[in-house]
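Spelled out from the first residue to the last, the chains are:
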Amino acid sequence: MSVTRERSGALDVARIRADFPVLERTVGDKPLIYLDSAATSQKPRQVIQAEADFYAHHNANAHRGIYLLAEEATAMYEEARAKLARFIGSPDPATIVFTRGTTESTNLVAYAWARRELREGDEILLTEMEHHSNIVPWQLAARDTGAVLRYIPLTDDGLLDLSELETLLTERTRLLAVTGMSNSLGTLPPIKELVEAAHAVGALALVDGAQLVPHVPVDVTELDCDFLTISGHKMLGPTASGGLYAKRELLERMDPFLGGGHMIEEVFHDRSTWNEVPFKFEAGTMNIAQEIGLGAAIDYLEALGMDNVRAHEVHITEHALRRLQEVGARIFGPLDAEVRGGAISFWYKDVHPHDLATILNEEGIAIRAGHHCSQLVMRRYGVPATARASFYVYNTDDEVDALVEALAKAGDVFGS
Ligand code: PMP
């Protein structure tokens, strides 16, 4: 495969690829073509080194000891927090609670805010394109509080159907929880308008940023969302890195999520008082090395420039949408790259997505096949599963072309 066409969009992809050791490996005798970044991104040397450097030279628990290593560990951990806050446009590092990612962040809100605040008959408004991690925590919270879930439906072309929004979003709504970018359809919902609409009826707004934050410049001050969830492992960072952004006054009012060391101010026999925000939400030994690695991932993305990251994604997504349609693939989700990200779900001929993924694997191509933790989406479009190719800063047009050629092979073997 040639790597000469790799200055696509706004990124020097050939140079970027040289930073990712895993892209040097082969699958059998084929070069690896990794098209599953929506599940988890690959990691550049800089991130791997940052994590290794912490363990090799600074390892100690953060916010505990007063010896040199402990102070270094604390400073590095807090520097990562400040970087993450700045990266999403928050001027206040205390608005970032470190978590293992979006699932933990959403559950934190469901336990520490929803269970305390919601009453019988209150409503939570979701959309049918949510990942299960933005559905199930609310189902559990609704079961415990008597709150009711409502869903914004989808149009045939994979957008939110907002025609009935006024009947769905009412003064009974206490929370709107919506994805910033769908992991199965790629759709970018109009989150700014939705946050405004939620606030207009007195509801809070949570944006699931798992797919959004890695791919699109985000500014929470401008967006004015109340909560934003972040998965570090999808934005070049280590697994189990990430966080929850929340407005500071909300964090101050909220109960702790997990109880344990460091989240307290004082402990008595019968009660405790809480540490200040955000430490009130960080119980026990945290994912220190991982969050430091995430700090290095943010440095990497900032050096590329998030506008360039997005421009590259629009470029490669346009190319992929065009090529996939040329060979007759059925695409789920919008066909305009400007209103979507680079996670593309499709069916090719009548080949089951699992068969497709198996054949593509023989060509060294890694795609995802399944329901993508989005069973409501699968139900809406009447399929049990889809194949999904997803792109990031290291992917090239040539890799998309290799995918399309391999699809034709799979079609010959299995297709009707
Ligand atoms: N929401 C969306 C839109 C996602 O794509 C994912 C990950 N597939 C999640 C939530 C869950 O994120 P994590 O696994 O990092 O907790």
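Here the structure is shown first, and the text comes after it.
Computed from a predicted structure; not experimentally measured. (Residues numbered from 1 in each chain as written. Predicted model: local features only at pLDDT ≥ 70, side-chain atom pairs only at ≥ 80, totals over all residues. Heavy atoms only, no water.)

Chemist: For this particular structure, what's the right way to read the environment of I135?
Modeler: Tracing the backbone shows I135 in the loop between β5 (123–127) and α5 (136–145). A residue is classified by how much of its surface remains accessible, and I135, at 5% relative accessible area, is buried. Note: C-alpha distance between I135 and T106 (29 residues apart in sequence) is 9.5 Å. (Helix = DSSP H or I, 4+ residues; strand = E, 2+ residues; numbered from the N terminus. Buried < 20%, exposed > 50% of the residue type's maximum accessible area, 1.4 Å probe, protein only.)

Chemist: In this structure, what is going on with the sheet that holds strand β10 (residues 242–246)? I would like to understand it.
Modeler: Note on sheets: strands pair through backbone hydrogen bonds, and any given pair is parallel or antiparallel. The seven strands lie next to each other as β4-β10-β9-β8-β7-β5-β6, forming an open sheet whose pairing is mixed. Taken across any chain shown, the strands that pair with only one partner, and hence form the sheet edges, are β4 (96–98) and β6 (148–152). Between one strand axis and the next, the sheet turns by 20° as a mean value, whatever way the strands run. In this sheet, β10 lies alongside strand β9 (residues 227–231) in antiparallel orientation, the contact comprising five bridges. By the bridge assignment, T229 is partnered in β10 with L244. Of the strands in this sheet, β4, β7 (173–179), β8 (204–208), β9 and β10 touch helix α4 (residues 102–117), which is tilted by about 155° from β9. Across the sheet, α5 touches β5, β6, β7 and β8, and the angle it forms with β6 is around 145°. (Pairing = 2+ DSSP bridges. Axes fitted to C-alpha atoms, helices over the stretch in contact; angles between N-to-C directions. Contact = heavy atoms within 4.5 Å.)

Chemist: Sorry, what's going on with the environment of D398 here?
Modeler: Assignment of secondary structure puts D398 in helix α15 (residues 397–414). Here the alpha-carbon distance between D398 and H354, two residues 44 residues apart in the chain, equals 23 Å.

Chemist: What's the story with the nonpolar core in this structure? I'm lost.
Modeler: A general feature of soluble globular proteins is that nonpolar side chains tend to end up buried together. Counting residues in hydrophobic clusters, the biggest one holds 77 residues, and the most contacted among them are I88, L228, M235, L236, V393 and Y394. Ranked by the residues each element gives to this core, the list is headed by helix α11 (residues 288–304), at ten residues. Excluding anything up to four places from it in sequence, I88 contacts I96, V213, V218, D219, V220, L228, I230 and Y245. In this structure, L321, A369, V400 and A406 belong to the second largest nonpolar core, which totals 31 residues. (Core = buried A, V, L, I, M, F, W, Y, C linked by side-chain atoms within 4.5 Å.)

Chemist: Hey, could you run me through the site of the ligand in this one?
Modeler: Close to the ligand lie 13 residues, the nearest being T103, D208, Q211, S231 and K234. Measuring from an oxygen atom of the ligand, one finds a side-chain N or O atom of Q211 at 2.6 Å. Alone, the ligand offers 390 Å² of accessible surface; in the complex the protein occludes 87% of this. Here the residues of the shell around the ligand sort into two nonpolar, nine polar and two charged. (Near = heavy atom within 4 Å. Polar contact = N/O pair within 3.5 Å; in protein donor to acceptor, adjacent residues only side chain to side chain. Areas by Shrake-Rupley, 256 points an atom, 1.4 Å probe, with all protein chains shown as cover. Nonpolar A, V, L, I, M, F, W, Y, C, P; charged D, E, K, R; others polar.)

Chemist: Looking at this structure, how should I read the packing of aromatic side chains?
Modeler: Working definition: an aromatic ring pair is given by the centre-to-centre distance plus the angle between the planes. Following the criterion strictly, the structure yields eight aromatic pairs and no others. Here the aromatic rings of F20 and Y394 are separated by 4.9 Å at their centres, their planes lie at 65°, and the arrangement is edge-to-face. Pair noted here: F20 is in the loop between α1 (13–17) and β1 (26–27) and Y394 is in the loop between β17 (386–390) and α15, with a separation of 374 residues, a long-range link. On the accessibility criterion, Y394 (0% relative accessible area) is buried. The interplanar angle of 50° and the centroid separation of 5.0 Å between the aromatic rings of Y77 and F98 together place this pair among those described as tilted. Linking Y77 in helix α3 (residues 68–87) with F98 in strand β4, this pair joins segments that are 21 residues apart in sequence. Each member of the pair Y77 and F98 is classed as buried. Linked through ring pairs, F20, Y300, Y392 and Y394 together constitute an aromatic cluster. Taking NZ or CZ as reference, R115 lies 3.9 Å from the ring centre of Y111, over its face. Directly above the aromatic system of F268 lies the positively charged group of R271, at a separation of 4.3 Å from the ring centroid. (Phe/Tyr/Trp six-rings, centres within 6.5 Å; stacked < 30°, edge-to-face > 60°. Lys NZ or Arg CZ within 6 Å of the ring centre and 35° of its normal.)

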